[in-house]
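Given next are the chains, with one letter for each unit.
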Amino acid sequence: GIILFSIIISGMMIFQSASQEKKDKIAEIILSSVTPTELMQGKIIGYFMLGLIQLIAWFVVAAPVILWKANFPILEYLFVPELLILLLFAILGYLLFASIFVGIGATIEDISTSGNFQGIVMMLPFLPLIFLGPILSDPQGIIAKVGSYVPFTSPGVMLIRLSMLDDWPWIEIIISIAILIISIWVFMKLAGKIFQTGILMYGKNATPKEIWRWLRA
């Protein structure tokens, strides 16, 4: 959960970065040296590394305190092969939301005046919290399973489910990972189209209708 939270926060920083570059008219200078696609990919990779560095720093500071205060062998439970699957879901979640945030961030002239549409997009990573009660009460229930297959909720839902289940549903895990990978590819393509046009548009925030027109172009 800490990993996913850290990575999502880094993804939101991409949103603010793209918007700030438009506001300060820095994007034109940067794009004289790189292509819009390279700039978008650089933001995604750069903020991903920033999120990992933050996570490592938190762990280095918190681990000694946790080991001192905890009454159970936390490292024995933490460093297990299953951790790789949890990390994979967290990373895939970051790539999905980062591609969305960097595209939408490029459509905003001033983040302080962003409309309801952009605000709704910013809330996407927190959708799993809406279904937290049903998932905790029944990790194998229909709500938990459906949430595992919806790209926007899949990373959070799967992390919650897998942390509670003794026997992991590997078929569901594989299907969920496949859906996330395909979704990331699709949204990065769409974000690239939005970013290329939006990053150089000044004067106003883009409307959903304008964004749809860019996607169809």
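Just so it is clear, the structure is predicted and the values come from calculations on it, not from any experiment.

A. Examining the overall build of the protein chain more closely. Broken down by element type, the protein chain carries 11 helices and 0 strands. Listed by position from the N terminus, the elements making up the protein chain come as α-α-α-α-α-α-α-α-α-α-α. Here the C-alpha radius of gyration of the protein chain, 19 Å, is about what a compact globule of 217 residues would show, namely 17 Å. Overall, the protein chain is about 55 × 40 × 25 Å in size when its C-alpha atoms are taken along their principal axes.

B. Here's a closer look at helix α9 (residues 154-164). In terms of burial, α9 is largely enclosed, as 9 of its 11 residues are buried. Along α9, the residues that are buried comprise S154, P155, G156, V157, M158, L159, I160, R161 and L162.

C. Just the packing of helix α8 (residues 142-149) against α9, in detail. For the pair α8 and α9, the least separation of the axes is 7 Å and the interaxial angle reads 135 degrees. Classified by the angle between their axes, α8 and α9 sit oblique to one another. Judged by the twist between their axes, the crossing of α8 over α9 is left-handed. Between α8 and α9, the residues in contact are A144, K145, G147 and S148 and S154, V157, M158 and R161, respectively. In terms of residue class, the contact of α8 with α9 is built from 3 nonpolar, 3 polar and 2 charged.

D. Spatial organisation of the pattern of salt bridges. Scanning the entire structure with this criterion turns up 2 salt bridges. The shortest N-O distance in the salt bridge between E172 and R161 comes to 2.9 Å. Placement of the pair is E172 in helix α10 (residues 170-198) and R161 in helix α9, with a sequence separation of 11 residues. When sorted by exposure, E172 lands in the same class as R161, which is buried. Through salt bridges with shared partners, one network takes in K145, R161 and E172.

E. Main features of a nonpolar patch on the surface. A cluster of nonpolar side chains, namely I130, F131, I142, I143, V146 and V150, defines an oily patch on the protein surface of about 540 Å² accessible area. When you line up the elements, I142 lands in helix α8. On the accessibility criterion, I142 (64% relative accessible area) is exposed.

What counts and what doesn't
- Residues numbered from 1 in each chain as written.
- Predicted model: local features only at pLDDT ≥ 70, side-chain atom pairs only at ≥ 80, totals over all residues.
- Heavy atoms only, no water.
- Helix = DSSP H or I, 4+ residues; strand = E, 2+ residues; numbered from the N terminus.
- Rg over C-alpha atoms; globule rule 2.2 N^0.38 Å.
- Buried < 20%, exposed > 50% of the residue type's maximum accessible area, 1.4 Å probe, protein only.
- Axes fitted to C-alpha atoms, helices over the stretch in contact; angles between N-to-C directions.
- Parallel < 35°, antiparallel > 145°, perpendicular 65-115°, else oblique.
- Left-handed = near helix turned anticlockwise from the far one by under 90°.
- Contact = heavy atoms within 4.5 Å.
- Nonpolar A, V, L, I, M, F, W, Y, C, P; charged D, E, K, R; others polar.
- Salt bridge = Lys/Arg side-chain N within 4 Å of Asp/Glu carboxyl O.
- Patch = residues over 30% accessible without salt bridge, like charges linked within 9 Å, V, L, I, M, F, W, Y side chains within 5 Å.
- Areas by Shrake-Rupley, 256 points an atom, 1.4 Å probe, with all protein chains shown as cover.

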